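Tertiary structure, described
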Amino acid sequence: MKKFDEMLLKFEKHSAKVLLLVMIVLVFSSGIARFLKHPINWAVDFSTFLFGWACFFAVDVAWRENKMMSVDILVKRFSNRTQKIIRLANYIIILAFVVYLIIWGFYLSYKTRYRTFVGMPNFSYTWVTLSIPVGGILLFRTTILKIIAEFRDNKKEAK
């Protein structure tokens, strides 16, 4: 399982970087092409597709590596036990939101199956909206792993 986690994290990091780089190149080249009177109509639409996937991969990487912004000036003043309870409560709230993302993301993906991009007529918008439930599943998994780690830490402290 640890090997799978490492491979998944490496895939997400690499994918987010590559998608962001391609998105930047597309938008920049589209701007240059428009200036030269030869616009690339599909570049912005395809960048939207890449942006959706890059965002969810990057969010999961940041969440997994504890690099998300947090305001803990008040929480740090509490005892370790209280801090753990607050963290677990936060994890439960995050899980609820992520379950909402997964359910409604799949619903939205289904509803947009016939919608296409303006600049790419044969490319379904569902491919963009699928980033929501897939990203939600990745975040759900990461949050569950954080909850498990929290309970493992409780067992270690009890010994």
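Relevant structure appears above.
What counts, and where the lines are drawn
Residues numbered from 1 in each chain as written. Predicted model: local features only at pLDDT ≥ 70, side-chain atom pairs only at ≥ 80, totals over all residues. Heavy atoms only, no water. Helix = DSSP H or I, 4+ residues; strand = E, 2+ residues; numbered from the N terminus. Rg over C-alpha atoms; globule rule 2.2 N^0.38 Å. Buried < 20%, exposed > 50% of the residue type's maximum accessible area, 1.4 Å probe, protein only. Contact = heavy atoms within 4.5 Å. Areas by Shrake-Rupley, 256 points an atom, 1.4 Å probe, with all protein chains shown as cover. Core = buried A, V, L, I, M, F, W, Y, C linked by side-chain atoms within 4.5 Å. Phe/Tyr/Trp six-rings, centres within 6.5 Å; stacked < 30°, edge-to-face > 60°. Lys NZ or Arg CZ within 6 Å of the ring centre and 35° of its normal.

Points about the overall build of the chain
- Scanning the chain from N- to C-terminus turns up five helices and zero strands.
- Ordered by position in the sequence, the α and β elements of the chain form the string α-α-α-α-α.
- The C-alpha radius of gyration of the chain comes to 20 Å, more than 25% above the 15 Å expected for a compact globule of 159 residues.
- Along the first, second and third principal axes, the C-alpha set of the chain runs to 70 × 35 × 30 Å.
- The 159 residues of the chain split such that 35% are buried.
- Within the chain, contacts between residues at least 6 apart in sequence are counted, and of these 75% link residues at least 24 apart.
- Of the roughly 11,200 Å² of accessible surface on the chain, a fraction of 71% belongs to carbon and sulfur atoms.

Notes on the environment of Ala89
- Examined against the element boundaries, Ala89 turns out to sit in helix α3 (residues 80-111).
- Taking the C-alpha atoms as reference, Ala89 lies 26 Å from Leu8; in sequence the two are 81 residues apart.

Focus on the nonpolar core
- Judged by nonpolar contacts, the single largest core of 16 residues is most densely connected at Leu19, Phe49, Leu50, Trp53, Phe57 and Phe117.
- Per element, the largest residue contribution to this core is six residues, and it comes from helix α2 (residues 41-64).
- Residues within four places of Phe57 in sequence aside, it is in contact with Phe11, Glu12, Ser15, Ala16, Leu19 and Leu138.
- Within the second largest apolar cluster, ten residues are counted, among which are Trp63, Leu88, Leu95 and Ile147.

Considering the packing of aromatic side chains
- Taken as a whole and judged by the stated rule, the model has nine aromatic pairs.
- Joined through ring pairs, the aromatic side chains of Trp42, Phe46, Phe49 and Phe123 make up one cluster.
- Taking NZ or CZ as reference, Lys146 lies 4.7 Å from the ring centre of Trp63, over its face.

Structural measurements only, silent on function.
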